[in-house]
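# Chains, contacts and geometry: an overview
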Amino acid sequence: MRTTRTICLLMSFLLINCQIPVLSYSTDDLEIVIETGSHWLHDYPLILELSKKNPPQLAIWVTDLDTNYLTTIFCTHKIARCAWQSNSGNLRKEALPFWIHCREKKFLNSDSNSTETAIPTKSHPLTDGITAASPEKGFSIKINSNYTGSGFLLFAELNHSTDFNDYYQKNSSPGTDAYSGGSEGSGQPAVLFSCELDLSRDELEVKLELSGHSSPDGNDGNLYTDMERLTTAKSIVSSITVKKH
Amino acid sequence: MIKINRVLITLLAVFSICAANNLSTNCIRIKSSIFNKGVDISGAFVPHDNLLFGLGLGLSSNFIESAWNDFTMKSMFTYLFNNSKKVNFPVTVEAGFIAGKNYDYHIIAPYAAVNSGIEIKLGKNHKNRIGIWSGYRYGKRSFIVNHKNQFGDISYIENFKVFPFAFGISYSYDIHPRTP
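The residue count restarts for each chain, going from 1 along the sequence in the order it is written. Here the convention is simple: chains get letters from A, ligands get numbers from 1, in the order in which they are written. Local features in a predicted model are, by the rule used here, given only for residues with pLDDT of at least 70; side-chain atom pairs are given and counted only at 80 or more, and totals for whole chains, interfaces and linings are based on all residues. Side-chain metrics rest on all non-hydrogen atoms present in the structure, leaving aside hydrogens and water.

### Details of the overall build of chain B
Strands here mean DSSP runs of E at least two residues long; helices mean DSSP runs of H or I at least four residues long; both are numbered from the N terminus. When helices and strands are counted, chain B shows one helix and nine strands. When the helices and strands of chain B are placed in sequence order, the string is α-β-β-β-β-β-β-β-β-β. Here chain B holds 180 residues, and the buried ones make up 48% of them. Whether two residues are in contact is decided by their heavy atoms: any pair within 4.5 Å suffices. Restricting to contacts in chain B with at least 6 residues of sequence separation, those with at least 24 account for 53%. A 1.4 Å probe and the Shrake-Rupley method give the accessible areas. Residues count as covered only by the protein chains that appear here. Summed over all atoms, the accessible surface of chain B reaches about 8900 Å², with 64% contributed by carbon and sulfur. Each residue is assigned to one of three classes by its accessible area relative to the maximum for its type, calculated with a 1.4 Å probe on protein chains only: buried under 20%, partly exposed between the two thresholds, exposed over 50%.

### Examining the packing of aromatic side chains
Two rings belonging to Phe, Tyr or Trp (six-membered ring only in the last case) form a pair when the distance between their centres is within 6.5 Å. Interplanar angles under 30 degrees mark stacking, angles over 60 mark edge-to-face geometry, and anything in between is tilted. Applying the stated criterion across every chain, the model contains 14 aromatic pairs over all chains. A centroid spacing of 5.5 Å and a plane angle of 80 degrees characterise the contact between Tyr147 of chain A and Phe152 of chain A, whose relative ring orientation is edge-to-face. A residue is classified by how much of its surface remains accessible, and Tyr147 of chain A, at 21% relative accessible area, is partly exposed. You can call Phe152 of chain A buried: its relative accessible area is 1%. Where Tyr147 of chain A meets Phe151 of chain B, the ring centres are 5.5 Å apart and the plane angle is 35 degrees; that geometry is what we call tilted. Note that Tyr147 of chain A is positioned in the loop between strand 7 (139–145) and strand 8 (152–159) and Phe151 of chain B in the loop between strand 7 (128–149) and strand 8 (152–161), a pairing that runs across two chains. Given a relative accessible area of 2%, Phe151 of chain B falls into the buried group. Should the NZ of a Lys or the CZ of an Arg lie within 6 Å of a ring centre and within 35 degrees of the ring normal, that charge is described as sitting over the ring. Sitting above the plane of the Phe163 of chain B ring, Lys37 of chain B keeps its charged end 4.7 Å from the centroid.

### Here's the deal with the side chain of Asp163 of chain A
Looking at the secondary structure, you find Asp163 of chain A in the loop between strand 8 and strand 9 (191–197). Here Thr232 of chain A takes part through its side chain, which lies 3.2 Å from a polar atom of the side chain of Asp163 of chain A. The definition of a polar contact used here is a pair of N or O atoms within 3.5 Å, where within protein one atom must be able to donate a hydrogen and the other to accept one, and adjacent residues in sequence count solely through side-chain atom pairs.

### Re the sheet that holds strand 4 (residues 57–63) of chain A
Residue and element names in this part refer to chain A. Read across the sheet, six strands follow the order 6-5-4-8-9-11 without closing on themselves; strand pairing throughout is mixed. Looking at strand neighbours, the two that pair on one side only are strand 6 (130–132) and strand 11 (209–213), the edges of this open sheet. When the angles between neighbouring strand axes are averaged without regard to direction, this sheet yields 25 degrees. Two strands qualify as a pair provided that DSSP identifies no fewer than 2 bridges between them. As judged from the three bridges shared by strand 5 (residues 69–76) and strand 6, these two strands associate in the parallel manner. Note that in strand 6 the partner of Cys75 across the bridge is Thr131. Note on definitions: angles span 0 to 180 degrees between N-to-C directions of axes, and those axes are lines fitted to C-alpha atoms, for helices only across the stretch in contact.

### With respect to the nonpolar core
Residues and elements named next belong to chain A. Membership of the largest hydrophobic core comes to 50 residues, with the highest contact counts inside it found for Ile60, Phe74, Ile141 and Leu154. With near-sequence residues (within four places) excluded, Ile60 lies in contact with Ile32, Ile34, Thr72, Ile73, Phe74, Ile141, Leu154, Phe155 and Ala156. Within the second largest apolar cluster, 20 residues are counted, among which are Tyr69, Phe98, Ala190 and Leu192. By nonpolar core is meant a set of buried Ala, Val, Leu, Ile, Met, Phe, Trp, Tyr and Cys residues that side-chain atoms within 4.5 Å join together.

### Some details on the side chain of His77 of chain A
Residue and element names in this part refer to chain A. Inspection of the secondary structure assignment puts His77 in helix 2 (residues 77–80). Under the relative-accessibility criterion, His77 is labelled buried at 5%. At a separation of 3.4 Å, a polar atom in the side chain of His77 contacts the main-chain amide nitrogen of Ala133.

### Describing the state of the cysteines
Sulfur atoms of two cysteines make up a disulfide when they are within 2.5 Å. This model, assessed by the stated rule, comprises zero disulfides over all chains. The structure places no disulfide on Cys195 of chain A, whose sulfur is separated from the nearest cysteine sulfur, that of Cys102 of chain A, by 14 Å.

### A word on the pairing of strand 9 of chain A
The side chains of a regular strand alternate between the sheet's two faces. Residue and element names in this part refer to chain A. Counting buried positions along strand 9 gives six out of seven residues, so the element sits mostly inside the fold. In terms of strand pairing, strand 8 meets strand 9 through seven bridges, oriented antiparallel. Bridge pairing in strand 9 places Leu154 opposite Cys195. Of the pairings in the sheet, the one linking strand 9 to strand 11 comprises four bridges and is antiparallel in character. Directly across from Val191, in strand 11, lies its bridge partner His213.

### Quick notes on the confidence of the model for chain B
Across the chain, each position has a pLDDT score giving the predictor's confidence in that residue, from 0 to 100. Residues at a pLDDT of 70 or more form 82% of chain B, whose mean pLDDT is 84. Quick note on the complex model: pTM equals 0.82, ipTM equals 0.83.

### Some details on the pattern of salt bridges
The salt bridge criterion pairs a side-chain nitrogen of Lys or Arg with a carboxyl oxygen of Asp or Glu, the two atoms within 4 Å. For the coordinates displayed, the defined rule picks out twelve salt bridges over all chains. The salt bridge partner of Asp28 of chain A is Lys244 of chain A, with a shortest N-O separation of 3.9 Å. With Asp28 of chain A in the loop between helix 1 (2–16) and strand 1 (30–36) and Lys244 of chain A in strand 12 (residues 237–244), this pair connects stretches of sequence that are 216 residues apart. Ionic contacts of the salt-bridge type, sharing partners, join the residues Lys31, Glu119 and Arg129 of chain B into one network.

### What to know about the environment of Glu94 of chain A
Residue and element names in this part refer to chain A. Among the secondary structure elements, Glu94 is positioned in the loop between helix 2 and helix 3 (97–109). Looking at Glu94, the relative accessible area reads 4%, which means it is buried. Along the backbone, Glu94 and Asp217 are 123 residues apart, and their C-alpha atoms lie at a distance of 4.9 Å. In contact with Glu94, other than residues within four places in its own chain, are Asn159, Ser180, Gly181, Gly185, Ser186, Pro216, Asp217 and Gly218.

What follows is the structure in structure tokens.
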């Protein structure tokens, strides 16, 4: 009887803890809403003909109006912790190169005692933003900002691994425009969304624009606006919106 | 999701109560399993030749850091098909919870599983059994993750999902208490 009572109490505790959480917003809170596109989930090959549906790697960060890196808001686990499954020690800078090179400018100028690095590694993972498993569907992020600057830029960079197409092929040779890290690389390069925000405005709802794509092999932090060779990469998200409550 | 989690927890309660109420049975089976996501050990009471009600503990890996540091606790019900023969086919329904831990947070999530496999009885008294099994697991939990940095306070709803496919090997031993 005592055992039965203990079990019932434990079950009651578990039941209470199964409430679905909801983000509640106060005045001046920002909400970033990511709505998935038709190619949000990508078939990642496993063995033989088996594959699994993978969501993209994603980083959302802010810079000042001169594109100096401030901080990361959100980053997916694999790149935030260098937790790639079959990278053989490769840091995979071709995954989100614009974000990495944006951070490099800050970390090259910072003091040598800093333990953080531009490309997160297992021993020095990302610490300045939320890191989470890649979401399998659309999601929101709430920010209660204490930023006091006149305005800032918000960036979002997304990429799938092995997202090859007719131009960015898995057997493309290193040094060519189509090379993106080889057979375990990106395939199509990461796509970049951005917008400028001014928190002093009372009403604010801005849709991030698709600005271009990053370097396919991750060797530079340039933004490329030629989008003709990208196919499914342009459909990873349908929209990214920021609004002020 | 909240309805499914309530069903899982109710299943867990029912199996646990059945196991607790069968303490007086005269056979206990201790079983250990190694599977793709962890290890566990369970003790089951055998009120009938083909039925087992049991409780188990284990360690598993459910997050990207691939460390077996997630504690699991479960109760289960097993039916043994073809138990009178040397080779039998157990089908197990289990419900439990995972106390998961990764780089950023701790969570408790209920789960349920259905496993089936093959067991072979060993030895003269058939007290030892080895087996292979596979099954499907379902478990999901959403929770809010918070982080503070120089830009402000950031919040996000994280979704934890139990890896759905499990397969492993097992060894079990029947304990028959001595009668005075």
